[in-house]
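# Residue-level structure breakdown
Spelled out from the first residue to the last, the chains are:
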Amino acid sequence: MVELKPFSLLNAETHFKWNNDEELNFYDSDFPLNLETFDSFINRLKLITDEQNTSNRLMEIHVGETGELIGIIDIHNIDIHNLHCSLECTIGDYTYRHKGYGTEALGKALRHCFEELNMQKVYASSFDFNEKWIRMLTKTGFKQEGHLRRHVQKRGRYCDKLLFGLLKEEFLYAGKPQEAVGVI
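What comes next concerns the included structure. Only a predicted model underlies this, so the values are computations on that prediction, with no experimental measurement involved.

### Topic: the packing of aromatic side chains
Think of a pair of aromatic rings as described by two things: how far the centres are apart, and how the planes are tilted against each other in angle. Counted according to the given criterion, the structure contains 8 aromatic pairs. Ring plane angle 15° and centroid distance 5.6 Å describe the contact between phenylalanine 127 and phenylalanine 129, whose orientation is recorded as stacked. The exposure class of phenylalanine 127 is buried, given its relative accessible area of 3%. For phenylalanine 129, a relative accessible area of 22% gives the class partly exposed. Joined through ring pairs, the aromatic side chains of Phe26, Tyr27, Phe127 and Phe129 make up one cluster. For arginine 155, the ring lying beneath its charged end belongs to phenylalanine 26, and the centroid distance is 3.7 Å.

Shown next as structure tokens:
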């Protein structure tokens, strides 16, 4: 069982460690790892989490039983005119990977996007080699909407980037994907 909580700068050291983790960067970023200083990281986080910044939201993923911080949800590009946003989910603590926590957190983040932010669409992307993230997206109802060929260079070779989307009515009325993640 996971709980999504508002982002807290009190956990900045943990987030900083994940931000500078080479493997997490490999799966999450279009760019090679560029080690960031702690001060630079904090300044960037303050801009992202500033109340005046309405286009981004960060939420922490905590284990419900222990309260331990295990990951982060990034909601970006919140468009209040067209009612869509992008979503990323990262389990930064390796001991909690591949145990269903990410899928559950993704389901709860989707509920937040559709019910609290009133989005009509949530979109996400994945590198073609990130089979686990692709399975998680499709398990929660996302449909592949695009395919950017040879889009990003990773460790000396090009890979494709896949684009996925989920509409509000698909999330609310599909039934099966949401039951699988314990959302409905």
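There's more to say after this.
### Brief notes about the sheet that holds strand S7 (residues 157-167)
Pairing within the open sheet is mixed, and its 7 strands lie in the order S1-S2-S3-S4-S5-S7-S6. If you trace the sheet from one side to the other, it starts and ends with strand S1 (2-6) and strand S6 (143-154), each paired once. Taken over all neighbouring pairs, the strand axes of this sheet differ in orientation by 25° on average, direction set aside. Note that strand S4 (residues 84-91) and strand S5 (residues 121-127) share 3 bridges and pair parallel. Opposite serine 86, over in S5, you have tyrosine 123 as the bridge partner. Docked against the sheet, helix H5 (residues 131-139) engages S4, S5 and S7, running at close to 160° with respect to S5.

Reading guide: rules and limits
- Within each chain, residue numbers correspond to sequence positions counted from 1 in written order.
- Per-residue local features are limited, in this predicted model, to residues with pLDDT of at least 70; the limit for side-chain atom pairs, both in listing and counting, is 80 or more; totals at the level of whole chains, interfaces and linings are taken over all residues.
- To obtain the side-chain values, all non-hydrogen atoms of the structure were included, while hydrogens and water were left out.
- By convention, a stacked pair of Phe, Tyr or Trp rings (six-membered ring in the case of Trp) has centres within 6.5 Å and planes under 30 degrees apart, an edge-to-face pair has planes over 60 apart, and any other such pair is tilted.
- Three labels apply to residues, based on accessible area from a 1.4 Å probe with only protein chains included: buried if under 20% of the type maximum, exposed if over 50%, partly exposed otherwise in between.
- For a Lys NZ or an Arg CZ to count as sitting over a ring, it must be within 6 Å of the ring centre and within 35 degrees of the ring normal.
- Two strands pair if DSSP finds at least two bridges between them.
- Under the DSSP-based scheme used, a helix requires at least four consecutive residues in state H or I and a strand at least two consecutive residues in state E, with every element numbered from the N terminus.
- Inter-axis angles, ranging from 0 to 180 degrees, are taken between N-to-C directions of lines fitted to C-alpha atoms, where helices are fitted over the stretch in contact.
- The criterion used for residue contact is that any of the two residues' heavy atoms lie within 4.5 Å.

The values are spatial; any link to function lies outside them.
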